[in-house]
Amino acid sequence: MSFRTLIGTPLLIVGLGGLVVGACEAAEAAAPTPTAREAVSAAMAAQPGVDLAIPLTEAQLPKGLTAEERKAQDSARDQHLRESCKQIPKDTFEKYQCERPVQVALIQQLDDLLARVADKQPQWPGVDVAAEQALWVTHRDACRQAQDIKMCLEFAYLERIAQLQAQFALVPVEGPIRYSCEGLEPPLLASFYATNPPLLILQQASQRLETWMRPTSGGVNFEGEGVNFHELKGGAEWTQGDKHYHCSQQP
């Protein structure tokens, strides 16, 4: 009889070694035949320092939340948000940040990320996280004047989170990929970060430009402040200010 048969399945095994198997087989040969739990207990007593294997019933196995439980959990969270934000006037900038579950989750995600990188050195040279955060707060607060405040806020948080993830190498990156652009030296370097939304960092000489993926009918389009990078098969169209370049990807 195997050790698994002896003590039943499934098991929660903590620090179990080969000595336990031998000890349990010895216990099995003894008369009278002990119960599974007694056999394991005897084996553990004979081998000091080895932890106990505890049989679990089906009811004791850990399980994820059911759809109904998740729905109830989300409903309770949303109710808590509504109660905590009740005194804030509707359709205000503060209300959008306080009451909407999606926005609250983004705020928490950014706070957690800032705490995570507080004592780390950014991978990008010349980055001042505190100064950039202060500038971003000004950018976020400009959403007060946006036509769609909800969308403006969500993009502001998503882009800041993605920027930090790229700066501290917390997401996969492809590149840098070299592009040769007509009438431009040195080459353009493009690094694609697996953030949400996708972030593309363009480096040309001493400048570093941040662009974000945007929907487009053909190719892949990235937009930043005064910058547009439209990726095509084997190349790209790069626009910076009033200058436009046709670029070819280098092997």
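First, a word on scope: everything that follows refers to the structure included in this document. All values derive from a computational prediction rather than experimental measurement.

### Digging into the state of the cysteines
Here is step 1 of the chain: In the structure shown here, the tally under the stated rule is 2 disulfides.
Here is step 2 of the chain: Here cysteine 143 is linked by a disulfide to cysteine 152, with a sulfur-sulfur distance of 2.1 Å. Handedness of the cysteine 143-cysteine 152 disulfide follows from its S-S torsion of about -75°: it is left-handed.
Here is step 3 of the chain: The exposure class assigned to cysteine 152 is partly exposed, which follows from its relative accessible area of 24%.
Here is step 4 of the chain: Disulfide pairing places cysteine 181 opposite cysteine 247 at an S-S distance of 2.1 Å. Across the S-S bond of cysteine 181 and cysteine 247 the torsion is about 100°, and the bridge reads as right-handed. Here cysteine 181, found in strand S3 (residues 173-181), pairs with cysteine 247, found in strand S10 (residues 243-249); they are 66 residues apart in sequence, far enough to count as distant.

### Remarks on the side chain of glutamine 133
Here is step 1 of the chain: By the element assignment, glutamine 133 lies in helix H7 (residues 129-141).
Here is step 2 of the chain: Those residues within four positions of glutamine 133 in sequence are excluded, and the remaining contacts are Leu110, Leu114 and Arg160.

### Points about the layout of surface pockets
Empty space among the atoms becomes visible once a probe the size of a water molecule is rolled across them.
Here is step 1 of the chain: Considered as a void within the structure, the largest pocket measures approximately 630 Å³ in volume.
Here is step 2 of the chain: Looking at the largest pocket, it is lined by 20 residues, and the ones nearest its centre are Glu159, Gln163, Glu210, Trp212 and Glu225.

### With respect to the environment of proline 101
Here is step 1 of the chain: Its place among the elements puts proline 101 in helix H6 (residues 101-117).
Here is step 2 of the chain: According to the relative accessible area criterion, proline 101 is partly exposed, its value standing at 31%.
Here is step 3 of the chain: C-alpha separation for the pair proline 101 and arginine 82, spaced 19 residues apart in sequence, amounts to 9.7 Å.

### Digging into the pairing of strand S6 (residues 207-214)
Here is step 1 of the chain: Relative to S6, strand S5 (residues 199-204) is paired through 6 bridges, and the arrangement is antiparallel. Counterpart to leucine 202 in the pairing with S6 is leucine 209.
Here is step 2 of the chain: The hairpin turn running from S5 into S6, its antiparallel successor, is 2 residues long, and alanine 205 in that turn takes a positive phi close to 60°.
Here is step 3 of the chain: Two strands pair when backbone bridges link them, and S6 and strand S7 (residues 220-224) are joined in this way by 3 bridges, in the antiparallel orientation. Note that in S7 the partner of tryptophan 212 across the bridge is glutamate 223.

### Describing H6
Here is step 1 of the chain: Taking 1.5 Å of rise per residue, 17 residues should cover 24 Å, and H6 covers 25 Å from first to last C-alpha, within 8% of that figure.
Here is step 2 of the chain: Of the residues making up H6, those classed as buried are Gln103, Leu106, Leu110, Leu113 and Val117. All buried residues of H6 project into a common sector of 90° when viewed along the axis, lining one side. Exposed and oriented more than 90 degrees from the buried face of H6 are Ala115 and Arg116.

### Examining the packing of aromatic side chains
Here is step 1 of the chain: Evaluated as defined, the whole model comprises 5 aromatic pairs.
Here is step 2 of the chain: Relative to phenylalanine 229, the ring of tyrosine 179 lies with its centre 5.5 Å away and its plane at 80°, an arrangement referred to as edge-to-face. Remark: phenylalanine 229 occurs in strand S8 (residues 227-232) and tyrosine 179 occurs in strand S3; sequence separation between them is 50 residues.
Here is step 3 of the chain: Taking relative accessible area as the criterion, tyrosine 179 reaches 0% and is therefore assigned buried.
Here is step 4 of the chain: Under the relative-accessibility criterion, phenylalanine 229 is labelled buried at 0%.
Here is step 5 of the chain: Centre to centre, the rings of phenylalanine 192 and phenylalanine 222 are 5.7 Å apart; their planes meet at 65°, and the pair counts as edge-to-face. A residue pair is termed long-range when its members are at least 10 positions apart, and phenylalanine 192 in strand S4 (residues 188-193) and phenylalanine 222 in strand S7 qualify at 30 residues.
Here is step 6 of the chain: We classify phenylalanine 192 as buried; its relative accessible area is 13%.
Here is step 7 of the chain: Note on phenylalanine 222: relative accessible area 2%, which makes it buried.

About the thresholds
- Residues numbered from 1 in each chain as written.
- Predicted model: local features only at pLDDT ≥ 70, side-chain atom pairs only at ≥ 80, totals over all residues.
- Heavy atoms only, no water.
- Disulfide = S-S within 2.5 Å.
- Buried < 20%, exposed > 50% of the residue type's maximum accessible area, 1.4 Å probe, protein only.
- Helix = DSSP H or I, 4+ residues; strand = E, 2+ residues; numbered from the N terminus.
- Contact = heavy atoms within 4.5 Å.
- 1 Å grid on protein atoms, 1.4 Å probe; cavity = no way out; pocket = protein on both sides within 12 Å on 5 of 7 lines; lining within 4 Å.
- Points joined across faces, edges and corners; volume = space filled by probe spheres on them.
- Pairing = 2+ DSSP bridges.
- Expected span 1.5 Å × (residues − 1).
- Arc of directions from axis to C-beta.
- Phe/Tyr/Trp six-rings, centres within 6.5 Å; stacked < 30°, edge-to-face > 60°.

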